[in-house]
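Examination of the molecular architecture
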Amino acid sequence: MINSNTVFGTIRQGVLDSAYIWKNEFKTIFKDGGVMIFLFLLPFGYPLIYGLIYNPETPHDLPIVIVDESRSVQSRKFARMLDATSEAKIVAYAANLDEAKKLLAEQKAYGIFCLDRDFERNIYRGEQANVSFYCMVNSLLYYRNLLTAGTNVTAAFNNVLAEEKLAGATLKQQSMAIGPVQSVSISMFNPLSGFATFIMPAIEMLVLQQSLLLAIGMLAGTQRERNRFHELIPFNHKYFGTFRVILGKAMCFLSISLLASLWTLYIVPVIFKFPRLGNFWEIQMFILPFLLASIFLGMTLSCIIRGREMPMLFYVFLSILLLFISGITWPWASIPTFWKIIGAIIPSTYGIQGFVQLNSTGASLTDVSFYYIVEWVLCFVYFISACLVYRYQLSKSIKMIDNIKENHDNINTYSLARD
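First, a word on scope: everything that follows refers to the structure included in this document. (Residues numbered from 1 in each chain as written. Predicted model: local features only at pLDDT ≥ 70, side-chain atom pairs only at ≥ 80, totals over all residues. Heavy atoms only, no water.)

Observations concerning the overall build of the protein
Within the protein one finds 14 helices and four strands. Counting over 419 residues, the protein shows a buried share of 46%. Pairs at least 24 apart in sequence give 77% of the contacts found in the protein among residues at least 6 apart. Just so you have it, the protein exposes about 22,700 Å², and 63% of that area is on carbon and sulfur atoms. (Helix = DSSP H or I, 4+ residues; strand = E, 2+ residues; numbered from the N terminus. Buried < 20%, exposed > 50% of the residue type's maximum accessible area, 1.4 Å probe, protein only. Contact = heavy atoms within 4.5 Å. Areas by Shrake-Rupley, 256 points an atom, 1.4 Å probe, with all protein chains shown as cover.)

Side note on empty space enclosed by the protein
One pass over the full model with this rule turns up three cavities of 30 Å³ or more. Looking at the largest cavity, its volume works out to about 70 Å³. Only helix H8 (195–226) and helix H13 (347–360) provide two or more residues apiece to the lining of the largest cavity. Element by element, the count of residues in the lining of the largest cavity is highest for H8, at five residues. The volume enclosed by the second largest cavity comes to roughly 50 Å³. Around the second largest cavity, the lining comprises ten residues; the ones closest to its centre are Ile216, Gln223, Lys249, Phe253 and Tyr390. (1 Å grid on protein atoms, 1.4 Å probe; cavity = no way out; pocket = protein on both sides within 12 Å on 5 of 7 lines; lining within 4 Å. Points joined across faces, edges and corners; volume = space filled by probe spheres on them.)

As for the pairing of strand S3 (residues 111–115)
Within S3, five of the five residues are buried, which leaves the element mostly enclosed by the surrounding structure. Side-chain alternation along S3 places Gly111, Phe113 and Leu115 on one buried face and Ile112 and Cys114 on a second face that is also buried. Strand direction decides the pairing type here: strand S1 (residues 62–68) and S3, joined by five bridges, are parallel. When the sheet's bridge partners are listed, Ile66 is paired in S3 with Phe113. Of the strand pairs in this sheet, S3 and strand S4 (residues 131–135) are connected by five bridges, and their pairing is antiparallel. Bridge pairing in S4 links Ile112 to Tyr134. (Pairing = 2+ DSSP bridges.)

Structure representation (structure tokens):
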């Protein structure tokens, strides 16, 4: 027997009750198919699906149409150089611009390169030769790749023409005459300039947060439905302690989310060979307050957003908004102040910023200390808010038990009086 009158006995009883709540939460989770989907299928499946969708990271051999009005040696050389790039592939030669636009409208091509009638004549005269570029901008990746191809080919073509004018010069003389100042473009932390390397770290963190919020909200709705009086706190003496309830539930969700984070943040990037420059233990230290803040936020909102289906409507609706205000898809400096304030109270905002710097740029935990401190502050704030709302729920349950006991005693008293 545990003597609960001593300090040690009280602490031990609290730990045992928390362990009981932890175990009971596990049982409830594995009996609920919807919660299982959000806690396991969502964080384990979504990153894998996104990785498959964005693989390969950059589009290659985008179909283009050439409108060669010059029909000359130089224009054909320019077209061959364009076709030789990894970004573009010539699928048709159109007689005029209208015919090329028709192919563009039928989505048989994504870009048009038009070489004017005086292309070769202007080159031999030493005048400027024009190449017009038309592209569908419904996808910025298409536009960027084709523009890059056109720019690189134009620069290379100009170098070829310059070398032809320097016949008899040595290679060094040609190099100094053509490009006295050489520039080198280095894509830091994203060598392929891939979309997946850019967006996947943010999506992975947001998926972890949303899966916790959805699972906690749905589980709270399930518990209300199964309890006799539709209250979040069941009529069980082991639940009659705010801290032990919060601790038991939080440890249950934390153990599952840590497992999901290993898959989402480490195994998936290895499968798709995404760059990972961060230290494993520093990332784990950063992830801990982020997960705890998300759990305590979910527990707080689960007492406000009632019902089993409401969390799906609310959190799924906010997912895209949270991704935008995280500062990844849109520069943080350009986000309005109002949305910065909203983003500051969401764990994923600073969690994404810090994780991207740790994982993608190789920053240390000291470099992202601001984001790390903010996550711990949010963790503490939402822990207090979760304690307050659960204390309110607990007081309602205790009050209801007292009313039931009082009514039961009154009935017994009335029965004895009649006897």
